[in-house]
Each structure stands twice: as structure tokens, then as C-alpha cells.
Amino acid sequence: MSDSADKRYNASQRKVYSRRSKTLLYFSGHWQFYLMLVPPIIYYAVFHYKPMTGLVIAFKDYNMFKGTWASPWSGLTTFRYIFKNPDFYRAIKNTLVLNVLNLILGFPMPILLALFLNELKTGVIKKITQTILYLPHFISWVIIGGMAYQIFSMTTGIVNNALNAVFGITVPFLTNPGWWVFTYFIISVWHSIGWSAIIYMSAITSIDQEIYEAAKVDGSTRFHTMFFITLPNIKNTIVIMLILQVGTMATIGFEQPLSLQNSAVMSTADVISTFVYRVGTQNAKYSVATGVGMFQSIINFILVVGTNTISNRLTGQGIW
Amino acid sequence: MSNGVGLWPVEFDITAYKVVFNNHLMVRSLWFTILLTVVFVGLTMGMTVMTAYPLARKDLKGRNIILLYIIFTMYFSGGMIPGYLNIKELGLLNSFWSLVLPGLISTYNMILMKTFFSSLPEELEESARIDGAGEFTILVRIILPLSKAMLATIALFYAVSRWNGFSDSVLYINDSRMYTLQLRLRQIVALNQSDEMINDTPEAKASLIPETVKAACLVFSMLPILVIYPWLQKYFVKGVMIGSVKG
């Protein structure tokens, strides 16, 4: 072996050795971190990834006694059934109607609230107002549903009693399909307006105070300051929140509609999640319910990834 | 007024509350939910810290792969029915653990905690590491005592979600001994079982209408939140503030 080749051989050996010892050194310092991560990784495998493999039953004729894997394949029969089912389209339509309503009319509300709360300077009043406004976020949907049925009852509800006393009319707030959408929207706003305002208020506190002083010197009025100085300065937060909300267009949680709906209003109140629940657990059509859920999951995933990409392009910020 | 029910309460009467507290099913559900919430918060906090602490270290090899593995589950899931069948296959239906294990880590809360951990100065750990302390010791002795406010915030998020949540108990629990307070409430409010409750308390039979008992049940289960919430509000708000900073 020539001298130079020998040197090269030694150098490469040293490199291999040192790389290996670096790895060893790294693990001797870090193995405890990996040990900590073992239970979480198992948790995600058992309770998140394993159910994803359960999606195959959408392509099978699921038989309770045979289990997921032994049930016979059925190809696209389930989806053919779903796409012929009028209740499926009704659930999609209802989900979209409620979400679009919430986006167009509901989205600006917490922003306005944050702007007005920002104008409240006194400590105690501001604090009490905030406490009252955040509270609904912590009340369960069962309780809200129960309260709603008491408050909006046609015969004993406080709202209808007041309407009756003043105008001599009663309104079927929760039993007429059209009115139900209205009531659902009002309750949604009441539930989330305060909590959603927090994020805008924290954005407002980070605005440079000098701008406000300059505005004051220039004789800007309060409303002018609110809408032409505060609002443009939280534009980025607004854009991100808007994009995030568009990403949830295909989803409505299960607990809110379930607590507020009743058999008289299913034509507008049955959303995808409650439809899946009914078909799956009450009618025991597991394959159909899984298929509908899968359809929703995929649409949802596309929307979230899509809106996040747009958000990153436009504002340089997103969820990841 | 249409039928004698006015806008303002006529007289103060606590019979309805006697009915609620006399009802052993309601009280049983209360204790069950308290136990469930305590166990749930203990285990979820342990798991969340164990996930967030290693992942907060930028030098951890494979960190991005593990994060992707975890965050993917926020945006795609098997959905309600495969989740139900999974619990069934694991033999957890109608068990205490079906209300604990599926929610052991809330990915959102975990990311809040990770963001917080990565904002702590590294020098704190370095000196302990030089003294030869293991990572578990550093976590328990140095990091966690510094994170009390953050831990309280996340623990409250978990506690409230467990106390208020009922979609899992609707799906997984049939045995009425394991009804959570919210599920019991749902039986009473939505499925009209308040008449039986009234019959359990003889003195109430004459004077009470189901609506009053329902209202009493609603107040009964809202009480714990109403009592603790005003004192802890600042912690909740802190959680949202941390969440608004991208980590």
C-alpha cells in the first residue's frame, strides 16, 4: 500500500470512528428524551393511527361478529349508497349553511367586541365585563341546550312570555326549521364571542402606543382611532383567523347540534356529525357511517392544508 | 301572561334543589365525574409534559418526524365510528378507562406546553447537567417548578374539557352506574326523565313541575364551574395568549 493511500485509509477510518462515537455520545446524553417519548408514540398509534386503518370498513360489508378484517370486501357499494341518500346531501347542505352564516355574520363580532373592550379603560368594569363574556365558553353544551329549551319554550319560556306580553306573539325559536337556524346562530355567537375576542385583544396590546399619541395630537376622534388605527394594525391576526375559520368549513362539532336539535327541525339541524352518529350507532350501519365520516375527513384535510398554504403565501404565517 | 308563568320569579323555593340532592343517581354521577376528572387531569398532564419536554429541544434528532407524526392527527382522523370500533376491539366499552385513555394527550395543549418550554433559557438546565443530573431529574426539579402557571393553565383546560365533554360517554357508556354528570343531565333534560326524580321525593310531588327540576339540575352541574371560574380566569386567558404565538 502506498504511503498516501495509507494516510487516506487512516483518515477515513478516523472519520467513521469519530462519527460513530459522536452518535454514541449523542445517545448517551439524549436517551432519556427518547424514553419519555415512547408512551406518547404508543398512545398516538393505538388511539389515532389504528382507528385510521379502521377506515377500510367503508370498503367492506362490515359484520360485527367477523370484525374489521374478516368482513367481506364490498368495493364502492357503500359510497354508491351514500351518494344516492338524500339525507347525506341534507347533512352537507345544513353543515355548509350554518358554517357560512357563522363565517359571514359571526366572524366580525369578536373583532368589534375587542375594539370596544379596548376602549373601556377602567379596571373593575372591564374585568367584570370580560369575566361575564368569557364564561359561556366554559358551560357544557348539555347545559346550554337545556337552558335554551327553557328560555325559548313556546309556553313557559321567558322570551316568548315577554314577546307575548308586549306584542302578543310567540315565536317557535327551536321548533321551526327556519327559526332554529337563527337561534342556533345566536347561541353560537353568545358562546364564543368573548373567548374569540381574547386573541384580537392580545394583538391590540402589542400595537405601538406612539401611534395613538400621534393620532391624539392630530385630533383623531375615538371612533376614527378605532377603525382607522386599531383595526388596520391587527389586520394580520384577522387574516389568519379568517383563513383558519375557512379551513373548518366542512366540520361542525358533535355536541352543539346534538344538544340543540329535535325531531321537528331535522331538515335544517341535521349536520354531518349528527348524521354519522345516527346512522352509525342508532341504525348500526357502520360501513355507511364510516364512509360519510371519511368523506368529511378528506374534505376537511384538503381545506386545512389549502387554507394554510394560502395563509403562508399571503401573510407569511400559518399553523405550520 | 299566558298561563301564570311570569318574567320574574314569584317566590324563592329550594324544593327543586332538595329533589336534585336527594336523587342518588345524580349525586353518584357527581362523584363519578369528580373522580374521573381528577384521574384524567393527572394522567393527561403526565403524558403532555413527557411529550412536550423532549420536543421542545431543538437539538433532538428525529424531532421533526415525531412532530409530523403527532400533528398529522390534528388534521386527519378515522372519525367517530372507527374510533368507537377501536374502543370496542380494545374491550374498553362501558369502562372508566374509555373516558380517559382516548384523550390522554390533547395535541393542541401539548403544543402550547412545548412553546412554553422552548421559551425557557437553556442555561438553567446546563448547570444541572454538568452536575450530572439525569433528564428526568432536571425536568422534575428545575423545569416543572418554573412552569407552575403554565401547568395550571393546561391542567384547567383538561379539567374543563373532561367536566363538560359528553360525546365520548354518549358513544362508549351504556351502564348507568358510569354516567358522567353531563350524560345524566342529558337524560333528564333532553330525554325527559325528570318525572321519576320528582316521584323520589314525596314532599315535592305536589308543588313541582318538571321544568323546575330540570332548571335545578342545570344549576347543580354548572355550580363547580361558576365557583372556580372567576378566580382562575387569568390562567385560561394566558393559555390563549401563548397559543397565539407561533412556536
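The structure displayed is predicted, hence computed values, not measured ones.

(A) A look at the overall build of chain B. Assigned secondary structure in chain B consists of 12 helices and 0 strands. For chain B, the residues scored as buried account for 49% of the 247 residues in total. By sequence separation, contacts in chain B at least 24 residues apart represent 77% of the contacts at least 6 residues apart. Accessible area for chain B stands at about 11,900 Å²; split by element, carbon and sulfur atoms hold 64% of it.

(B) Quick peek at the overall build of chain A. Secondary structure assignment for chain A yields 16 helices and 0 strands. Taken over the C-alpha trace, chain A has a radius of gyration of 28 Å; the compact-globule value for 320 residues is 20 Å, which it surpasses by more than 25%. Expressed along its principal axes, the backbone C-alpha trace of chain A runs to roughly 110 × 75 × 35 Å. Evaluated residue by residue, chain A yields a buried proportion of 45% over its 320 residues. Here the analysis covers contacts within chain A between residues at least 6 apart in sequence; of these, 64% occur between residues at least 24 apart. Counting only carbon and sulfur atoms, one obtains 68% of the accessible surface of chain A, whose full area is about 16,800 Å². Once the 23 positive and 11 negative side-chain charges of chain A are each reduced to a mean point, those two points are 12 Å apart.

(C) Spatial organisation of the packing of helix H4 (residues 86–106) of chain A against helix H15 (residues 272–282) of chain A. Residue and element names in this part refer to chain A. At a closest axis distance of 8 Å, the pairing of H4 and H15 adopts a crossing angle of 150 degrees. Relative to H15, H4 is oriented roughly antiparallel. Of the residues in H15, those touching H4 at Asp87, Phe88, Arg90, Ala91, Ile92 and Thr95 are Ile272, Phe275 and Arg278. For the contact of H4 with H15, a count of residues per class yields 5 nonpolar, 1 polar and 3 charged.

(D) Examining the interface of chain B and chain A more closely. The interface is formed by 78 residues belonging to chain B together with 71 residues belonging to chain A. In total, about 6,900 Å² of surface goes out of reach between chain B and chain A, with carbon and sulfur atoms giving 72% of it. Contact with chain A buries surface across chain B, with Tyr69(B), Tyr75(B) and Phe76(B) losing the most and accounting together for 10% of the total. With its nearest N and O atoms 3.5 Å apart, the salt bridge here joins Glu89(B) to Lys50(A). For the pair chain B and chain A, the interface holds 21 residue pairs in polar contact (both at pLDDT 80 or more). The greatest single-element share of the side of chain B that touches chain A, amounting to 15 residues, is contributed by helix H12 (residues 210–243) of chain B. For the side of chain B that touches chain A, a count of residues per class yields 48 nonpolar, 19 polar and 11 charged.

(E) Fine view of the confidence of the model for chain A. Per-residue pLDDT for chain A averages 88, and the proportion of residues at 70 or more is 93%. For chain A, helix H1 (residues 3–53) of chain A is the element with the lowest average pLDDT, namely 81, and H4(A) is the one with the highest, namely 95.

(F) Geometry of the nonpolar core. Grouped together as the largest cluster of nonpolar side chains are 150 residues, with contacts concentrated most on Trp180(A) and Phe117(B). Shared between two domains, this core holds at least three residues of each, these being domain 1 (3–59) and domain 2 (77–315) of chain A. If near-sequence neighbours (up to four positions away) are discounted, Trp180(A) is found in contact with Leu98(A), Phe173(A), Leu174(A), Leu260(A), Gln261(A), Val265(A), Thr268(A) and Ala269(A).

(G) Up close: the packing of aromatic side chains. Enumeration according to the criterion identifies 35 aromatic pairs over all chains in this entry. On the basis of an interplanar angle of 40 degrees and a centroid distance of 5.4 Å, the ring pair of Phe59(A) and Phe79(A) is categorised as tilted. With Phe59(A) in the loop between H1 and helix H2 (67–70) and Phe79(A) in helix H3 (residues 77–84), the pair connects residues that are 20 residues apart, well separated along the chain. For Phe59(A), a relative accessible area of 25% puts it in the partly exposed group. A relative accessible area of 13% places Phe79(A) in the buried class. Joined through ring pairs, the aromatic side chains of Tyr43(A), Tyr44(A), Phe47(A), Tyr49(A), Phe301(A), Tyr69(B), Phe72(B) and Phe76(B) make up one cluster.

(H) Representation of the domain arrangement of chain A in the model. All names here are of chain A. Each domain of chain A was delimited in the assignment, giving domain 1 (3–59) and domain 2 (77–315). For domain 1 and domain 2, the distance between their C-alpha centroids amounts to 44 Å. If you look at the interface, domain 1 gives 5 residues, while domain 2 gives 7 residues. It is Leu55, Ile57 and Ala58 that lose the most area in domain 1 upon contact with domain 2, and together they represent 82% of the buried surface on that side. Our count for the contact surface shared by domain 1 and domain 2 stands at 0 salt bridges. Here domain 1 is connected to domain 2 by 2 residue pairs in polar contact (both at pLDDT 80 or more). Across the side of domain 1 that touches domain 2, the residue classes break down as 4 nonpolar, 1 polar and no charged.

(I) Examining the environment of Leu133(A) more closely. Residue and element names in this part refer to chain A. With respect to the helices, strands and loops of the structure, Leu133 is situated in helix H6 (residues 123–134). In this structure the C-alpha to C-alpha distance between Leu133 and Ile193, which are 60 residues apart in sequence, comes to 7.4 Å. Leu133 has contacts with Leu113, Leu117, Gly194 and Trp195, leaving out every residue within four places of it along the chain.

(J) Main features of the side chain of Thr73(B). Mapped onto the elements, Thr73(B) comes out in helix H3 (residues 63–75). The buried category is assigned to Thr73(B), whose relative accessible area is 7%. A polar contact of 2.6 Å, which involves the side chain of Thr73(B), links it to the backbone oxygen of Ile70(B). Those residues in contact with Thr73(B), other than ones at most four positions away along the chain, are Tyr44(A), His48(A), Tyr49(A), Met52(A) and Thr107(B).

Scoring rules and cut-offs
- Residues numbered from 1 in each chain as written.
- Chains lettered and ligands numbered in written order.
- Predicted model: local features only at pLDDT ≥ 70, side-chain atom pairs only at ≥ 80, totals over all residues.
- Heavy atoms only, no water.
- Helix = DSSP H or I, 4+ residues; strand = E, 2+ residues; numbered from the N terminus.
- Buried < 20%, exposed > 50% of the residue type's maximum accessible area, 1.4 Å probe, protein only.
- Contact = heavy atoms within 4.5 Å.
- Areas by Shrake-Rupley, 256 points an atom, 1.4 Å probe, with all protein chains shown as cover.
- Rg over C-alpha atoms; globule rule 2.2 N^0.38 Å.
- Lys, Arg positive; Asp, Glu negative; His and termini not counted.
- Charge placed at Lys NZ, Arg CZ, Asp CG, Glu CD.
- Axes fitted to C-alpha atoms, helices over the stretch in contact; angles between N-to-C directions.
- Parallel < 35°, antiparallel > 145°, perpendicular 65-115°, else oblique.
- Nonpolar A, V, L, I, M, F, W, Y, C, P; charged D, E, K, R; others polar.
- Buried area = accessible area lost by both parts, 1.4 Å probe.
- Salt bridge = Lys/Arg side-chain N within 4 Å of Asp/Glu carboxyl O.
- Polar contact = N/O pair within 3.5 Å; in protein donor to acceptor, adjacent residues only side chain to side chain.
- pLDDT = per-residue confidence, 0-100.
- Core = buried A, V, L, I, M, F, W, Y, C linked by side-chain atoms within 4.5 Å.
- Domains from an automatic or database assignment.
- Phe/Tyr/Trp six-rings, centres within 6.5 Å; stacked < 30°, edge-to-face > 60°.

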